Structures are given as C-alpha cells and as structure tokens.
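Okay, here's what each chain looks like letter by letter:
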Amino acid sequence: MHRASLVLCLALVARTAAAQDVPVLPPAPVITLAEALQRATAAQPAVIQAQGDVSAASSAKRAALGNWLPTLSMNGTGTRSFQAGEERVDLTTGQRVPGDVTTTNATSGLQARWDVFTGFSRGAQSKAAGASFDAAEASLIDAEAQVTLETTQEYLNALAAAQ
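Bear in mind that the values here come from a model prediction, so they are computed numbers and not experimental data. (Residues numbered from 1 in each chain as written. Predicted model: local features only at pLDDT ≥ 70, side-chain atom pairs only at ≥ 80, totals over all residues. Heavy atoms only, no water.)

Undergrad: Tell me about the packing of helix 2 (residues 33–43) against helix 4 (residues 121–162), and name the residues and values.
TA: Across the interface, helix 2 lies against helix 4 with an axial gap of 9 Å and an inter-helix angle of 135°. The orientation of helix 2 relative to helix 4 falls into the category oblique. Crossing geometry of helix 2 relative to helix 4 is assigned as right-handed. The segment helix 2 lies against helix 4, with Leu33, Ala36, Leu37, Ala40 and Thr41 engaging Glu144, Val147, Thr148, Thr151, Thr152 and Tyr155. Across the contact of helix 2 with helix 4, the residue classes break down as six nonpolar, four polar and one charged. (Axes fitted to C-alpha atoms, helices over the stretch in contact; angles between N-to-C directions. Helix = DSSP H or I, 4+ residues; strand = E, 2+ residues; numbered from the N terminus. Parallel < 35°, antiparallel > 145°, perpendicular 65-115°, else oblique. Left-handed = near helix turned anticlockwise from the far one by under 90°. Contact = heavy atoms within 4.5 Å. Nonpolar A, V, L, I, M, F, W, Y, C, P; charged D, E, K, R; others polar.)

Now the structure itself:
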C-alpha cells in the first residue's frame, strides 16, 4: 500500500512539475506591413548613418555658400581714468577749475572683408559640396529601399509561415 501511495505521489509531483515547466506565451502582437517598415527604417543602422551623412553634407553645402559672403569684424574698447589734483584758477578765463579730473575714452571699429578672386576655389567648393549632398541623398534612398525590400520579404515569409 505504501508503495502504491508513493508511486501515486511521485506521479502527481511529476505531473505538476511538468505543467509548471511549460510557460504560457502571450499571443504574438499583430503588426501591419506599414508599421514593420516604419520600425525597421527607424532602427536600421545603415539608414541612420545615411541620415547623418545627409545632415553633414547639408552643413558642408551651407558652409560652401558662406564662402561667397563677406567677413565682418567689429571691436570696441572703453577706458575711464581718474586723476587727483588741487583746485586751480584758469589763467585764460579766470574761472576756478576743479583739481580732480575724470577722463572717459571710447573707441569702436568695423571691418568688412571680401575676397574678389580666389582662383575659382569658391565655385569648386560649392560644386563639390553639392555633389557630396546629392551622393548622400542617393545613399539614403538606397538604404531605405534595401530596408523596405528586406522587411517586406520577411513580413511576407512570416505571413506564409503562419498560414
């Protein structure tokens, strides 16, 4: 009797342990193709790098445009000095002049500079920056197309496997 009880207890323990080992998985989330494409494009390193390249090329293009503009420089200084002295009489006017003298000076300057001829380097820099920008945009379009193709293929494969 003890042997039968022991076997029954072991069977119940084994059954309970086996039931606990199988995890219950939540249902897989349903994602549309548009959502999958959006997520893949936002997370793909090649696309993110291509977006950064476009941003850098755009900045270089603006910098090349800035080479055509004049350079402006402005400066200013100010001083104030105090000299102690005794009160005196001005010999020309006969009026009393205070002995303490405060002097204030201010100067400012503005300089504009523009290179008239740079050996055609500004035009070449502008063209090179424009070409780099166009190449960066083409790389971004290519990276996005690759991600779209791969994601669409994987999405369709997952749909086919689910059926």
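Undergrad: Describe helix 2, and please don't skip the residues or the numbers.
TA: When helix 2 is considered as a whole, its buried residues turn out to be Ala36, Leu37 and Ala40. Considered in projection along helix 2, the buried side chains sweep an arc of 100° and stay on one side of the axis. Summarising the geometry of helix 2, the exposed residues directed more than 90 degrees from the buried face are Ala34, Gln38, Arg39 and Ala42. Residues of helix 2 that are buried sit in contact with helix 4. (Buried < 20%, exposed > 50% of the residue type's maximum accessible area, 1.4 Å probe, protein only. Arc of directions from axis to C-beta.)

Undergrad: Can you tell me about the nonpolar core, naming the residues and giving the values?
TA: Among soluble globular proteins, nonpolar side chains are generally buried collectively. Of all hydrophobic cores here, the largest spans ten residues; its members are Ala40, Val47, Ala50, Val54, Ala57, Phe133, Ala136, Leu140, Ala143 and Val147. Listed by contribution, the elements that provide at least two residues to this core are helix 3 (45–66) and helix 4. The greatest single-element share of this core, amounting to five residues, is contributed by helix 4. (Core = buried A, V, L, I, M, F, W, Y, C linked by side-chain atoms within 4.5 Å.)

Undergrad: An account of the side chain of Thr151 is needed here, citing residue identities and associated values.
TA: Mapped onto the elements of the fold, Thr151 is located in helix 4. Among the polar contacts listed, one links the side chain of Thr151 to the backbone oxygen of Val147, at a separation of 2.7 Å. Leave out the neighbours within four places in its chain, and Thr151 touches Ala36, Leu37 and Ala40. (Polar contact = N/O pair within 3.5 Å; in protein donor to acceptor, adjacent residues only side chain to side chain.)

Undergrad: Before we move on, could you go through the packing of helix 3 against helix 4 and cite the residues and values that matter?
TA: Packing of helix 3 against helix 4 brings their axes to within 8 Å, and their N-to-C directions diverge by 165°. Judged on the interaxial angle alone, helix 4 and helix 3 are roughly antiparallel. Handedness of the helix 3/helix 4 crossing: left-handed. Residues that form the contact of helix 3 with helix 4 fall into these classes: 13 nonpolar, seven polar and four charged.

Undergrad: Run through the environment of Gly76, naming residues and quoting values.
TA: Inspection of the secondary structure assignment puts Gly76 in strand 1 (residues 71–83). Overall, Gly76 belongs to the exposed group, its relative accessible area being 57%. With 31 residues separating them in the primary sequence, Gly76 and Thr107 have C-alpha atoms 5.6 Å apart. When near neighbours in sequence (up to four residues on either side) are disregarded, Gly76 contacts Thr107 and Ser108.

As far as function goes, none of this settles anything; it's purely spatial.
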